[in-house]
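Chains, contacts and geometry: an overview
In case you want the letters, here they are:
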Amino acid sequence: IYSSLVCGKSLSNTELSQNFKDLGIYHSIIVSGSHLIFLSILIEKIFYWKLFRNLKFITLPILLIYSLATCAEPPVIRAFLSLGIESFQQRYKLFWNSSEVLFISVLCCFCLNHSWESSYSLLLSYVASTALNLSTQKSLLLKNITIYILIFPFLLPLSAPQPLSILSNMILSPFVGLVLFPLSFIS
């Protein structure tokens, strides 16, 4: 779990992997866009201090190194590109919304590697990010229900999670993201 959580290594135990899928938190265990967002926030908090403010530009290179070190999987690269494009559009005041940034990042992924056009993980990453964008203004429970409903058809070929995974995802994903990942990363 540790090497999957931090380093992007595939879970070798298929039973454990299936348990995480059934709980609806598999996306929290494998390296994904949420890991990059956490690292981005952490780096920006560190560079918020006056002593490091001039080093804020280092965030994207650190995220790129992490993305490449964790096998540069399509969802991670898409998330990295989204963060980079978002930073670019804010700097140059292009006024793109999050859906446009997301779509451009997927197009960039296709340009980087044509074989990713058939990447199911990239499709799931795009769908999950779109679902997150569409549910941002909702309560926690309604947000998780909306995300579940929107990604459900795309998960059917892989084995759709139980409806109770909505609750386990609400409870366990924040624990994995806020406690387990940082502790694993530090160690």
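Shown above is the structure to which this text applies.
Residues numbered from 1 in each chain as written. Predicted model: local features only at pLDDT ≥ 70, side-chain atom pairs only at ≥ 80, totals over all residues. Heavy atoms only, no water.

Things to note about the overall build of the protein chain
- In terms of helices and strands, the protein chain carries 10 helices and 0 strands.
- For the protein chain, the sequential pattern of α-helices and β-strands runs α-α-α-α-α-α-α-α-α-α.
- Its C-alpha atoms give the protein chain a radius of gyration of 17 Å, within 12% of the compact-globule value 16 Å for 187 residues.
- Taking as baseline every contact in the protein chain between residues at least 6 positions apart, the subset at least 24 positions apart corresponds to 58%.
- Total accessible area on the protein chain is roughly 11400 Å²; 69% of this is exposed by carbon and sulfur atoms.
- Across the protein chain, the 11 positively charged side chains and the 7 negatively charged ones have centroids separated by 14 Å. (Helix = DSSP H or I, 4+ residues; strand = E, 2+ residues; numbered from the N terminus. Rg over C-alpha atoms; globule rule 2.2 N^0.38 Å. Contact = heavy atoms within 4.5 Å. Areas by Shrake-Rupley, 256 points an atom, 1.4 Å probe, with all protein chains shown as cover. Lys, Arg positive; Asp, Glu negative; His and termini not counted. Charge placed at Lys NZ, Arg CZ, Asp CG, Glu CD.)

Some details on the packing of aromatic side chains
- All told, the structure shown has 3 aromatic pairs when counted by the stated rule.
- Relative to phenylalanine 181, the ring of phenylalanine 38 has its centre 5.3 Å away and its plane inclined at 80°; by these criteria the two rings are edge-to-face. Here phenylalanine 38, found in helix H4 (residues 33-46), pairs with phenylalanine 181, found in helix H10 (residues 165-186); they are 143 residues apart in sequence, far enough to count as distant.
- A ring pair is formed by phenylalanine 88 and tyrosine 92, whose centres lie 4.9 Å apart and whose planes are at 50°; its orientation type is tilted.
- For tyrosine 92, a relative accessible area of 48% translates into the label partly exposed. (Phe/Tyr/Trp six-rings, centres within 6.5 Å; stacked < 30°, edge-to-face > 60°. Buried < 20%, exposed > 50% of the residue type's maximum accessible area, 1.4 Å probe, protein only.)

Some details on a nonpolar patch on the surface
- On the surface, a nonpolar cluster with roughly 380 Å² of combined accessible area is contributed by Phe88, Tyr92, Leu94 and Trp96.
- By the secondary structure assignment, phenylalanine 88 is in helix H6 (residues 74-91).
- Assessed through its relative accessible area of 44%, phenylalanine 88 is described here as partly exposed. (Patch = residues over 30% accessible without salt bridge, like charges linked within 9 Å, V, L, I, M, F, W, Y side chains within 5 Å. Salt bridge = Lys/Arg side-chain N within 4 Å of Asp/Glu carboxyl O.)

Re the packing of H4 against H6
- Two elements in contact, H4 and H6, have axes separated by 8 Å at closest approach and are oriented at 40°. By the angle class used here, H4 and H6 are oblique. Crossing of H4 against H6: the hand is right-handed. In this structure, H4 uses Gly33, Leu36 and Ser40 to contact H6, whose residues at the interface are Val76, Ala79, Phe80 and Leu83.
- Considered class by class, the residues forming the contact of H4 with H6 number 5 nonpolar, 2 polar and no charged. (Axes fitted to C-alpha atoms, helices over the stretch in contact; angles between N-to-C directions. Parallel < 35°, antiparallel > 145°, perpendicular 65-115°, else oblique. Left-handed = near helix turned anticlockwise from the far one by under 90°. Nonpolar A, V, L, I, M, F, W, Y, C, P; charged D, E, K, R; others polar.)

Things to note about the nonpolar core
- Core analysis: the biggest nonpolar cluster contains 26 residues, and Leu36, Leu39, Leu63, Tyr66, Leu81, Cys109 and Phe181 have the highest contact counts within it.
- Among the secondary structure elements, those contributing two or more residues to this core are helix H1 (2-7), H4, helix H5 (59-69), H6, helix H7 (98-112) and H10.
- If you tally residues by element for this core, the top one is H6, at 6 residues.
- When near neighbours in sequence (up to four residues on either side) are disregarded, leucine 81 contacts Ser105, Cys108, Cys109 and Leu112. (Core = buried A, V, L, I, M, F, W, Y, C linked by side-chain atoms within 4.5 Å.)

Points about H5
- Within H5, the full set of buried residues consists of Thr59, Leu63, Tyr66 and Ser67. Projected onto a plane normal to the axis of H5, the buried residues spread over an arc of 100° and lie on a single side. Exposed side of H5, more than 90 degrees from the buried face: Ile65, Leu68 and Ala69 are the residues found there.
- Here the buried face of H5 lies against H1, H4, H6 and H10.
- At the C-terminal side of H5, cysteine 71 shows a positive phi close to 80°. (Arc of directions from axis to C-beta.)

Some thoughts on the packing of H4 against H5
- At a minimum axis separation of 10 Å, H4 and H5 run at an interaxial angle of 145°. In this structure, H4 crosses over H5, and the sense of that crossing is right-handed. For the pair H4 and H5, contact is made by His35, Leu36, Leu39, Ser40, Ile43 and Glu44 and by Thr59, Ile62, Leu63, Tyr66 and Ser67, respectively.
- Taken together, the residues of the contact of H4 with H5 break down into 6 nonpolar, 4 polar and 1 charged.

Looking at the side chain of serine 184
- In this structure, serine 184 sits in helix H10.
- When residues no more than four places from it in sequence are discounted, the contact partners of serine 184 are Tyr2, Leu5 and Val6.

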